[in-house]
Amino acid sequence: MSSRERILGRVRRALAAAPQDDMPFEQAFSRDYLREHGERGVEQTVDLLAENLADYRAIVHRCTAADLAATIAGMLAARGSKTVVVPTGLDPGWLAEAETEQVPDRAESTPQELDRVDSVVTACAVAIAETGTIVLDGGPDQGRRRITLVPDHHICVVRVPDQVVSSVPQALERLDPARPLTWISGPSATSDIELDRVEGVHGPRTLEVVLVDGQASTEVTT
Amino acid sequence: MSGTFVGMPVFPPPAHPAFPQAAHEAVNNPTLRGNLRHATHTIRAKRAKAVAEVSDWAELREAGKRIKDHTLLHLDRYLEQVEESVTAAGGIVHWAADADEANRIVAGLVKETGESEVVKVKSMATQEIGLNEALEAEGIRAYETDLAELIVQLGKDRPSHILVPAIHRNRGEIRDIFTREMSEWGRPAPEGLTDTPAELAEAARLHLREKFLRAKVGISGANFVVAETGTLVVVESEGNGRMCLTLPETLISVVGIEKIVPTWRDLEVFLQTLPRSSTAERMNPYTSTWTGTTDEDGPKTFHLVLLDNGRSDTLADEVGRQALRCIRCSACLNVCPVYERAGGHAYGSVYPGPIGAILSPQLRGTASEIDASLPYASSLCGACYEVCPVAIDIPEVLVHLRERVVQGGPVTREGNKVVLKPAKGHAAERAAMRAARWAFARPGALRTGQRLASRTRRFHPRTLPGPGGAWSDTRDLPPVPAEPFRDWWQRTQGQNGGNGDRGAAK
Amino acid sequence: MRVALFLTCVNDTLYPDTGRSVVKLLTRLGVEVDFPMAQTCCGQAHYNTGYRHEAEPLARHFSDVFGEYEAIVTPSGSCGAMVRELYPRMGERARAEGRGDTLAATLAPVVPKTYELTEFLVDVLGVTDVGAYYPHTVTYHPTCHGLRSLGLGDRPRRLLQAVKGLELVELPGADECCGFGGTFALKNADVSAAMGADKVRNAESTGAEVLCAADNSCLMHIGGTMHRLKTGMRPVHIAEILASTEEGPAA
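It should be emphasised that the depicted structure is a prediction, and the values quoted were computed from it without experimental measurement.

**Student:** Explain the nonpolar core to me, please; I cannot follow it from the model alone.
**Tutor:** A general trend in soluble globular proteins is that nonpolar side chains are found buried together. Core analysis: the largest hydrophobic core is formed by 305 residues, its most contacted members being V158 of chain A together with I241 of chain C. For this core, the element with the highest residue contribution is helix 5 (residues 77-96) of chain C, accounting for 8 residues. Apart from the residues within four sequence positions on either side, I241 of chain C is in contact with A132, Y134, V138, L160, V163, C212, V236 and A250 of chain C.

Right under this line is the structure:
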């Protein structure tokens, strides 16, 4: 007997005396919890995102679409970055004003090569206000997972308000499970020393999030 | 099949003293007591705050419980679905009935790659099966990359907490371990390393980075496996998880069969309750999800090893199976007054604390001294149940397992129904319980005893000799009153009140 | 209303003053109290140590003795929780063992009408000011079964706050178990004693004269530790405080 059969057999025997219900899962219980916490307008949701990102030590910038290139260029310059990894599908305009040398995200790059790059700029798939989380799904403007991991400085651009949701349930609805996802809430941290949070371990130690306003943002209603 | 169980556990329990003996040393170690008190009290207050932020905590907790219960009651179906969906996404699924088999599978897979070292994300399942030791025996070196695991590995120590395995170490001790041991394993600790947590974290970053960058094989567990999509989820803080999950060419994930949730949507519950319960954060810094393999992003080969190792036996017990709902958040450890004073090592298992006290004796059986003593390692105060994000009634299971220890009875071991004999060493207690039951069933007998105690009260000491010293070594006994209440009652109100020695009728 | 006092075996034998206080207090509030002489033990120690089958006859006996009263009042959070929380569970387990509904049906009547003393005062009688007088500084320890199994909440505190002359001071780490835990105190004496010592140190830090709780089992452990550590504090059951008046003060 294979271990597969052995385990499945044990599980079936273990459940033989259990009450049988063939009710479909979604009818088996009600999801009484909230879809989001509190009532907020669009602007308040974006403010909450900014607040929660900052609370977990991400550096938050806000600008208009017109100022984005200058903002990013300023951040890279302030950091003194000589090189920056760029996902292949990133809007080239975002880095138009940056003088930093661009390194394309390539399959052939080794982790050691990536380790020598100073910064990375990406977009994101969705951002969650209640938890201060940005989610990357490996889309063309976000690149391979490792490019936002190995360099020590990550600049992530969130288009507000359309990429912002309030809650974890709303984020999951927008995401495709088939894609490799990385949920990021602040720079890497640890609670392993005396159960107290310290920022800065293996992932990027500096996370800068740019909330860039689309033209329509102020007109969108809840 | 049925028979009297002679004591072969699913995997050998450690030669470990019973809990009270093991706890004795920890209780009297002021450094350890101080470290544990500081850490658990810090996280306790933070968790309460993080939970209070979400107004629907009770509903999330109930949903988590129900999702897990539903999954467990249809686990055969969901296991098959996981196999199908992971395979469809490009993963390779293996089944391991016990620790030995899981270790054999993983060692074999590593050898196939031709590599002799692996990087590991903290995983309770691989600790449970002793994977590192098994790999070492095959000439494969496993590097733990979680900071706390690194502290434990470098210190040749044992983990003492589910989330923070080095919780028993304070910053000064960690500095000493790093300074002394890092050079043995790779890049030495920086000169003049101090004990500030930020510097210690930096030292770990530097020490591990070269290992991450050259690693060809990563080994992980998973917090969740989504049956409908074949997605695995790892929740972490440091980024070591992301390193192990994305940089190597081969990824091997060893996952207990109870980690399944049916649908993608179910994550909306656990990704809210787990971070707040474990690190007391709205969200942990990094969560990775992956479904099979992705072209040109991350590992080219992905193996999922589904691990039973006593879980299906636990599933067979209708009271005990709720322990399989556990999402390993460790909130119960952090609020447990017994854990705080006894420390994690006293539990003799990779699963310490209240959840360990109900998991270990189910996964391993109750044959060993330590496993038979674990159900008693609790004052039944209920703080664990109160904070559990999947509402495991730990006190209920503890009492249930106490029954198993003292009364014996039917259990399932390695898939077979067996009948346990009552454990040895409880004979005197059993006799006392029976005698007490006999006396309590006869109010007259109780009264005779009470009166005898009252009449001889002048001679009662406030301390006791022999086994009674367990009480009176630290606590004085209350003085015996001149008369029991019932005598007073009968003397003063018996005529018009109580209804004598028998019956409720009035 | 005629109610039965379920005093508990520990109180009956070792703490008759608590029983006398409950009678005095309830009588003062116009409640007719009866003490069924056939009562013994609810079976909690048996059940919680793993001897459920030994506890069953005691539970049946309890139901037999108390079944016909309108209300059953007990000055013990843990024994109250035994009846309310664990009797139904015993019934369920018997059913699961294929022994039918008999036990569940036998125990069912006593479950909803069993009240811990402070619950009875606040919820059934609807009083928080019981006319007590107790000129002492008091700190209150919520015992685990009262707090978590019965959900007594702030009832004991509200009762204490209404006592004339009483100054109530907060106990640091109040919600933490004192370390008694029934047979736990013997089986894990080291840990139990360490928990007790921490509880006593916290109590001492309040400067109160009296540590009050609604369960004498815990008070036996805390008080025994206080006595051994020579703290000068006294453990006092809440019933004795609530029974105390200017005319008839507690000792």
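**Student:** Sorry if this is basic, but what is going on with the pairing of strand 4 (residues 217-220) of chain B here?
**Tutor:** Regular strands place side chains that alternate from one sheet face to the opposite one. Residues and elements named next belong to chain B. Residues V217 and I219 of strand 4 are buried on one face, and the alternating residues G218 and S220, pointing to the opposite face, are buried as well. Bridge count for strand 2 (residues 117-120) against strand 4 is 2 bridges, and the pairing is parallel. Bridge pairing in strand 4 links K120 to I219. Relative to strand 7 (residues 250-256), strand 4 runs parallel, the two being bridged by 4 bridges. Bridging from a neighbouring strand, I219 pairs with I252 of strand 7.

**Student:** Is there a simple way to explain the sheet that holds strand 2 (residues 83-86) of chain A in this structure?
**Tutor:** Working definition: the strands of a sheet are paired by backbone hydrogen bonds and lie parallel or antiparallel to each other. Residues and elements named next belong to chain A. The sheet built from 6 strands is open, its strands ordered 1-12-7-4-2-3 with parallel pairing. Of all the strands in the sheet, just strand 1 (59-64) and strand 3 (101-104) have a single pairing partner and so form its edges. Pairs of neighbouring strands in the sheet enclose a mean axial angle of 25°, with direction left out of account. In this sheet, strand 7 (residues 153-160) lies alongside strand 4 (residues 119-122) in parallel orientation, the contact comprising 4 bridges. Of the residues in strand 7, the one forming a bridge with V121 is I155. Each of strand 1, strand 7 and strand 12 (206-213) is contacted by helix 3 (residues 42-55), which is oriented at about 150° to strand 1, the strand it contacts most. Where helix 4 (residues 68-79) meets the sheet, it contacts strand 1, strand 2, strand 4, strand 7 and strand 12, and its direction lies at approximately 165° from that of strand 12.

**Student:** Which parts of the structure should I look at to understand the domain arrangement of chain C?
**Tutor:** Interface size is commonly expressed as the accessible surface area that is lost when the partners come together. Residues and elements named next belong to chain C. Considered domain by domain, chain C is made up of domain 1 (2-124) and domain 2 (137-243). Centre-to-centre, using C-alpha coordinates, domain 1 lies 22 Å away from domain 2. Contacts between the two partners involve 26 residues from domain 1, matched on the other side by 22 residues from domain 2. Put simply, the parts of the chain that give the side of domain 1 that touches domain 2 at least two residues each are helix 1 (9-14), helix 2 (16-28), helix 3 (44-49), helix 5 and helix 7 (117-124). A per-class count over the side of domain 1 that touches domain 2 returns 10 nonpolar, 10 polar and 6 charged.

**Student:** Would you explain the arrangement of the chains in this entry?
**Tutor:** Between chains A and B lies the most contact-rich interface of the 2 pairs of chains that touch. In this assembly chain A lies apart from chain C, the nearest approach of their C-alpha atoms being 10 Å.

**Student:** What should I look at first to understand the interface of chain B and chain C in this one?
**Tutor:** With 59 residues of chain B in contact, the opposing surface of chain C contributes 62 residues. Of all the elements in the fold, those that place two or more residues in the side of chain B that touches chain C are helix 1 (19-27), helix 15 (337-342), helix 19 (394-407), helix 20 (427-440), helix 21 (443-455), helix 22 (469-472) and helix 23 (485-492) of chain B. If you tally residues by element for the side of chain B that touches chain C, the top one is helix 19 of chain B, at 6 residues. Class assignment for the residues of the side of chain B that touches chain C results in 32 nonpolar, 12 polar and 15 charged.

**Student:** Looking at this structure, how should I read the interface of chain B and chain A?
**Tutor:** Listed per partner, the contact involves 77 residues of chain B and 61 residues of chain A. With 9 residues, helix 10 (residues 197-214) of chain B is the single largest residue contributor to the side of chain B that touches chain A. The class makeup of the residues in the side of chain B that touches chain A is 38 nonpolar, 23 polar and 16 charged.

**Student:** Help me out: how do you make sense of the domain arrangement of chain B in this one?
**Tutor:** Parsing chain B into structural domains produces domain 1 (71-311) and domain 2 (427-492). Taken over C-alpha atoms, the centre of domain 1 of chain B sits 55 Å from the centre of domain 2 of chain B.

**Student:** I tried to follow the packing of helix 16 (residues 353-363) of chain B against helix 19 of chain B on my own but got confused; where do I start?
**Tutor:** Between two packed helices, what matters for the description is the angle formed by their axes and the separation of those axes. All names here are of chain B. Contact geometry of helix 16 with helix 19 gives a least axis separation of 10 Å together with a crossing angle of 40°. With respect to helix 19, the axis of helix 16 lies oblique. Crossing hand, helix 16 versus helix 19: left-handed. Side by side, helix 16 and helix 19 meet where P354, I355, A357, I358 and P361 of the first sit next to I394, V397, L398 and L401 of the second.

**Student:** Help me understand the pairing of strand 11 (residues 196-199) of chain A, please; the structure alone is not making it clear to me.
**Tutor:** All names here are of chain A. Judged from the 3 bridges that link them, strand 10 (residues 189-193) and strand 11 form a sheet pairing that is antiparallel. What sits directly across from T190, in strand 11, is V198. Connecting strand 10 to the next strand, strand 11, in antiparallel fashion are 2 residues, including E194 with a positive phi near 60°.

Calculation rules
- Numbers given for residues are sequential positions, taken from 1 along each chain in its written order.
- As a convention, the first chain written is A and the first ligand written is 1, with the rest following in written order.
- Selection of residues for local features in this predicted model requires a pLDDT of at least 70, selection of side-chain atom pairs for listing and counting requires 80 or more, and totals for whole chains, interfaces and linings are taken over all residues.
- As used throughout, a nonpolar core is a set of buried Ala, Val, Leu, Ile, Met, Phe, Trp, Tyr and Cys residues joined through C-beta atoms within 7 Å of each other.
- Three exposure classes are used. Buried residues have 20 or more other C-beta atoms within 10 Å of their own C-beta, exposed residues have 12 or fewer, and partly exposed residues fall in between, all C-beta atoms being placed from the backbone.
- Starting at the N terminus, helices and strands are each numbered in turn, a helix being any DSSP run of H or I of at least four residues and a strand any DSSP run of E of at least two.
- For every residue pair, C-beta atoms are placed from the backbone, and the pair is scored as a contact if these atoms sit within 7 Å.
- A pair of strands counts as paired when DSSP detects no fewer than two bridges linking them.
- Lines are fitted to the C-alpha atoms to define the axes, a helix being fitted only along its stretch in contact, and any angle between axes, read from their N-to-C directions, falls within 0 to 180 degrees.
- These domain boundaries are the output of an automatic or database domain assignment.
- Amino acid classes used here: Ala, Val, Leu, Ile, Met, Phe, Trp, Tyr, Cys and Pro are nonpolar; Asp, Glu, Lys and Arg are charged; the rest, including Gly, are polar.
- Should an angle fall under 35 degrees it is taken as roughly parallel, and over 145 as roughly antiparallel, whereas 65 to 115 is taken as roughly perpendicular and any remaining angle as oblique.
- Left-handed describes a crossing in which the near helix is turned anticlockwise from the far one by less than a right angle; the clockwise case is right-handed.

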